[in-house]
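Results of the structural survey
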Amino acid sequence: AQSVTQLGSHVSVSEGALVLLRCNYSSSVPPYLFWYVQYPNQGLQLLLKYTSAATLVKGINGFEAEFKKSETSFHLTKPSAHMSDAAEYFCAVSDLAPFALNFGKGTSLLVTP
Amino acid sequence: DVKVTQSSRYLVKRTGEKVFLECVQDMDHENMFWYRQDPGLGLRLIYFSYDVKMKEKGDIPEGYSVSREKKERFSLILESASTNQTSMYLCASGGRTNYGYTFGSGTRLTVV
């Protein structure tokens, strides 16, 4: 089965600094990859998705991710962190039909003033 | 926007009780999923359904069952609740494409 590994369960950045959340995937076929964000006491919201089109994917709230097949990575970045970005972030890979998502364990992003 | 509604945000049940968690989506989606979320473990798939009356086990189905009698509704059933089933339960739905899913707000279940 396809799987993802998120490096770092907690990441802390200063407001205005670059955000980099790491995700590596394991897949026997070209994967479909996703990043979701979860704010406290809420469900998951889709940030962006890679579905084998452009390798650089832009999402909501200024986030983007780049699919790198040679590195089996799909890292999430944002040029300048905002206090409102503090949340839990999950990387996910889509399994074969009917496309259940396999999630990483999550990375908690803390943004400090 | 797709809306996935979970019937309860917070639920407290006693050990041994039969518990029903309800999920309803309004976009005529074929696929529906139940996940369990625990700190440090991420989201784990319990059951999913790709059509009415169809169900498939996920990674951790033990102690759970599901029902999908109508396309828009997917129920998770804890036949005899136990304290180790205290968790956040998330429902999701999606169409027949591989473009991600929409999640409900979650039900935080406490079994005492």
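Shown above is the structure to which this text applies.
Residues numbered from 1 in each chain as written. Chains lettered and ligands numbered in written order. Predicted model: local features only at pLDDT ≥ 70, side-chain atom pairs only at ≥ 80, totals over all residues. Heavy atoms only, no water.

Focus: the packing of aromatic side chains
- By the definition in use, this model includes 14 aromatic pairs over all chains.
- Ring centres of Tyr36 of chain A and Phe103 of chain A lie 5.9 Å apart, and the angle between their planes is 55°; on these two criteria the pair is classed as tilted. Taken together, the residues span a long stretch of sequence, with Tyr36 of chain A in strand S4 (residues 33-38) and Phe103 of chain A in strand S10 (residues 101-103) at a distance of 67 residues.
- For Tyr36 of chain A, a relative accessible area of 0% translates into the label buried.
- Taking the relative accessible area as the measure of exposure, Phe103 of chain A reaches 11% and is therefore buried.
- Grouping aromatic residues by their ring pairs yields a cluster made of Tyr36, Phe90 and Phe103 of chain A together with Phe33, Tyr35, Phe48, Tyr101 and Phe103 of chain B. (Phe/Tyr/Trp six-rings, centres within 6.5 Å; stacked < 30°, edge-to-face > 60°. Helix = DSSP H or I, 4+ residues; strand = E, 2+ residues; numbered from the N terminus. Buried < 20%, exposed > 50% of the residue type's maximum accessible area, 1.4 Å probe, protein only.)

Side note on the state of the cysteines
Residue and element names in this part refer to chain B.
- Following the criterion strictly, the structure yields 2 disulfides over all chains and no others.
- Residue pairing for Cys23: its cysteine sulfur links by disulfide to Cys91, the two sulfurs lying 1.9 Å apart. One quick way to see it: the torsion about the S-S bond of Cys23 and Cys91 is about -80°, and its sign makes the bridge left-handed. Of the two residues, Cys23 sits in strand S3 (residues 19-25) while Cys91 sits in strand S9 (residues 87-94), which places them 68 residues apart along the sequence. Residue Cys23 shares its accessibility class with Cys91, and that shared class is buried. (Disulfide = S-S within 2.5 Å.)

Here we look at the interface of chain B and chain A
- Across the boundary between the two partners, chain B contributes 25 residues, which contact 21 residues of chain A.
- Between chain B and chain A the total buried area reaches about 1800 Å² when both faces are included, carbon and sulfur atoms providing 58% of it.
- Here chain B is connected to chain A by 0 salt bridges.
- Counting across the interface, chain B meets chain A through 4 residue pairs in polar contact (both at pLDDT 80 or more).
- Of all elements in the fold, only strand S4 (31-38) and strand S5 (42-49) of chain B reach the threshold of two or more residues within the side of chain B that touches chain A.
- Its residues assigned to classes, the side of chain B that touches chain A comprises 12 nonpolar, 9 polar and 4 charged. (Contact = heavy atoms within 4.5 Å. Buried area = accessible area lost by both parts, 1.4 Å probe. Salt bridge = Lys/Arg side-chain N within 4 Å of Asp/Glu carboxyl O. Polar contact = N/O pair within 3.5 Å; in protein donor to acceptor, adjacent residues only side chain to side chain. Nonpolar A, V, L, I, M, F, W, Y, C, P; charged D, E, K, R; others polar.)

Details of the nonpolar core
- Ranked by size, the top nonpolar core spans 26 residues in total, and within it Trp35, Leu48, Phe74, Leu76 and Tyr89 of chain A carry the most contacts.
- For this core, the secondary structure elements donating two or more residues are strand S2 (10-14), strand S3 (19-26), S4, strand S5 (44-50), strand S7 (64-68), strand S8 (73-78), strand S9 (87-94) and strand S11 (107-112) of chain A.
- If we ignore the near neighbours within four places in the chain, the residues touching Leu48 of chain A are Leu33, Phe34, Trp35, Val57, Lys58, Gly59, Phe63, Glu64, Ala65, Phe74 and Leu76 of chain A.
- Core analysis: the next-biggest nonpolar cluster, separate from the first, contains 20 residues, Cys23, Met32, Ala81 and Val111 of chain B among them. (Core = buried A, V, L, I, M, F, W, Y, C linked by side-chain atoms within 4.5 Å.)

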